Amino acid sequence: MPVAHKDLANAIRALSMDAVQAANSGHPGMPMGMADVATVLWSKYLKFDPSAPHWEDRDRFVLSAGHGSMLIYALLNLSGYERPTMEDIRNFRQLGSPCAGHPENFLLDGVEATTGPLGQGLAMAVGMAIAERHLNAHFGDDLCDHRTWVIAGDGCLMEGINHEAIGLAGHLKLGRMIVLWDDNDITIDGKAGLSTSEDVKARYAATGWHVESCDGYDFADIERAIDAALADDRPSLIACKTIIGKGAPTKQGTSATHGAPLGADEIAAARKELGWNAAPFEVPQDIEMDWLSTADRGREAHLQWQERVAAAGAQGETFTARFGLVGEAAGEALQGYIRQLAREPKTVATRKASEMALGPLTEQIPQLIGGSADLTGSNNTKTASTAPLTAQDYAGRYLYYGIREFGMAAAMNGMALHGGVVPYGGTFLVFSDYCRNAIRMSALQQVETVYVLTHDSIGLGEDGPTHQPVEHVMSLRLIPNLNVYRPADVIETAECWALALQTPGTPSVLALTRQNLPQLRGEGDEAWTPAHNRSARGAYRLRGAKAERRVILIATGSEVALACDVAERLESEGIGADVVSMPCMELFEQQDEAYRDDVLPDVPPSQILRVSIEAGSTQGWERYTMLKGLNIGIDRFGASAPAEELFERFGFTVDAIVPKIKAKIAV
């Protein structure tokens, strides 16, 4: 006899109960409540092939409610993925197990996105759906024609990012995105009514979504709702009415099942309630075989796709190549441009320098998709090669995100995770606070996203302290696996762009000025090649001391030119000074000890004084200036005034800095 759907779903419930109990930690309620919906999705609709988890045209499934991670772990194990093994599931939430507390994309194939910060999974799925439609517009249904599925909970729909994400998805009419809402009316604190009374379905409908409802335990009704969603050309929300902890006799429907083990007695009672007689971490053979057969449909679809790719010839090769690395292509695209700058210097703001570098990059690298959170003219992120990506033309390569910094950053993560595109997006540096957690998720997920963050200091001038970053550059440097670039001139900006596109496992921030900066580089760059990218070292000696070296000036961005002027004054007074440009601390830390010691010799400050100059927080610079060094910065909020007056007011002038250096040397 064929296995009943409820028995397939109960396999998920049993594994979820057992794993959370063994770990004495976790969230059994959501997997138990959504087991039936997930079973229908996996067995009837989702296009996947466990033997080819990176197949370009697979459906993407995102568990936005990442606290219910045992749902995805059970699904992957039961449907035949190589991992997690049952032993991995036994070790749920333990050191070394790929079954982490929240799903992590770099630990398990089949986990499309790292989720847990509520709302971001759904928002990343919007980016995946954008990438799919964009590639479909270029390559057609034969090569790219898949869907993005999301399971989300009440928390995902309450978070502010949900407003940003669904507004963007509705505006772009991303009809191949379907969200299955675990509508169980429970949050950690208790009934959802304690904190919300909004009409979620009406909110989604108002943003251009198609909305359906279903009984989360009626398999036919679930299929009906999904079929209706498939037939609609709008993104769809399906409100699946469920009971959290379904099957736990005394705890189901309560927040007690949300974030704690059920307990041995409740699990025993649940097994009886569900008719599940198998031992912990065991699945009866007939149920196991039925689950494994859910992949048959996807395997056949994969074979047919491979035949279409082969038949497409060069077009098929181009499509699969889009999912490869940009690598050296970025440097090669910029080579002629940088050589021209060496011959014809430019005095421009680094935000403009970024736009200039993006010209050849977007012309020669079709994977690049840009955008801005309603600051296109200020971030300088659009080029002649990037036409708008709209609901009417998904082939475009520029997204107008609107005032949605957090939604933009999460969508960029989704695009990068999807593959085939490399996203970059802009906003003001001070507004990186709005999207900081998504930037952190870029780093955690090891994706190649580029954040173009302009107006990087008090140098933006009259907009005042609400818009003037102080702590932002240094605070972004605290995020592991994030390269923060603050280039000093037009050539360094181009070099930093090349580097940002050559680190596929590391996202990048480009912190760029509003004000014009002189070109400091050029000599020796007339024959520039990617192999001679000086910024790749993270820091380098821009100008060496002429007199006996007594000072090393370490600066970034707009303050490198100031450091050069300070060095010139010191040299005129017989004090030798190196100028070190440090566009990227993270890359400098990766250099070998010999190189670092050459740039910053390990000698007492009494012999060589190290001085940092950066129009931002001084905290953190002690790493390079040492305990008795000198740190020139700003550790207070700025003010509203023209940039020149602000730099003078806060001590970023030669006349203010040189006496401090001389006083320090004299001690």
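Use the structure listed above.
Caption draft 1: Region of the structure containing the pattern of salt bridges. One pass over the structure, following the stated rule, counts 28 salt bridges. Ionic pairing is found between D145 and R176, a salt bridge with its closest N-O pair at 2.7 Å. Highlighted residues: D145 in the loop between α5 (120–139) and β2 (148–152) and R176 in the loop between α7 (160–171) and β3 (177–183), separated in sequence by 31 residues. Ionic pairing is found between D525 and R521, a salt bridge with its closest N-O pair at 3.0 Å. The class for D525 is buried, based on a relative accessible area of 3%. Taken together, the shared-partner salt bridges in this structure form one network comprising E132, R133, D145 and R176.

Caption draft 2: Fine view of the pairing of strand β11 (residues 422–428). Counting buried residues along β11, seven of its seven residues qualify, which places the element largely inside the surrounding structure. When strand β9 (residues 368–372) meets β11, the two strands line up parallel, connected through three bridges. Looking at β11, one finds that S372 is bridged to G426. Pairing of β11 with strand β12 (residues 450–454), which is carried by five bridges, proceeds in the parallel orientation. Counterpart to Y424 in the pairing with β12 is V450.

Caption draft 3: Main features of the packing of aromatic side chains. Taken as a whole, this structure holds 18 aromatic pairs when the rule is applied. A centroid spacing of 5.6 Å and a plane angle of 85 degrees characterise the contact between Y424 and W497, whose relative ring orientation is edge-to-face. Residue Y424 is located in strand β11, and its partner W497 is located in helix α20 (residues 490–500); the two are separated by 73 residues in the primary sequence. There is no split in this pair, since Y424 and W497 are both buried. Over the face of the ring belonging to Y398 we find K382, whose NZ or CZ atom lies 5.9 Å from the ring centre. The ring of F650 has R649 sitting right over it, with the charged end atom 5.2 Å from the ring centre.

Conventions adopted
- Residues numbered from 1 in each chain as written.
- Predicted model: local features only at pLDDT ≥ 70, side-chain atom pairs only at ≥ 80, totals over all residues.
- Heavy atoms only, no water.
- Salt bridge = Lys/Arg side-chain N within 4 Å of Asp/Glu carboxyl O.
- Helix = DSSP H or I, 4+ residues; strand = E, 2+ residues; numbered from the N terminus.
- Buried < 20%, exposed > 50% of the residue type's maximum accessible area, 1.4 Å probe, protein only.
- Pairing = 2+ DSSP bridges.
- Phe/Tyr/Trp six-rings, centres within 6.5 Å; stacked < 30°, edge-to-face > 60°.
- Lys NZ or Arg CZ within 6 Å of the ring centre and 35° of its normal.

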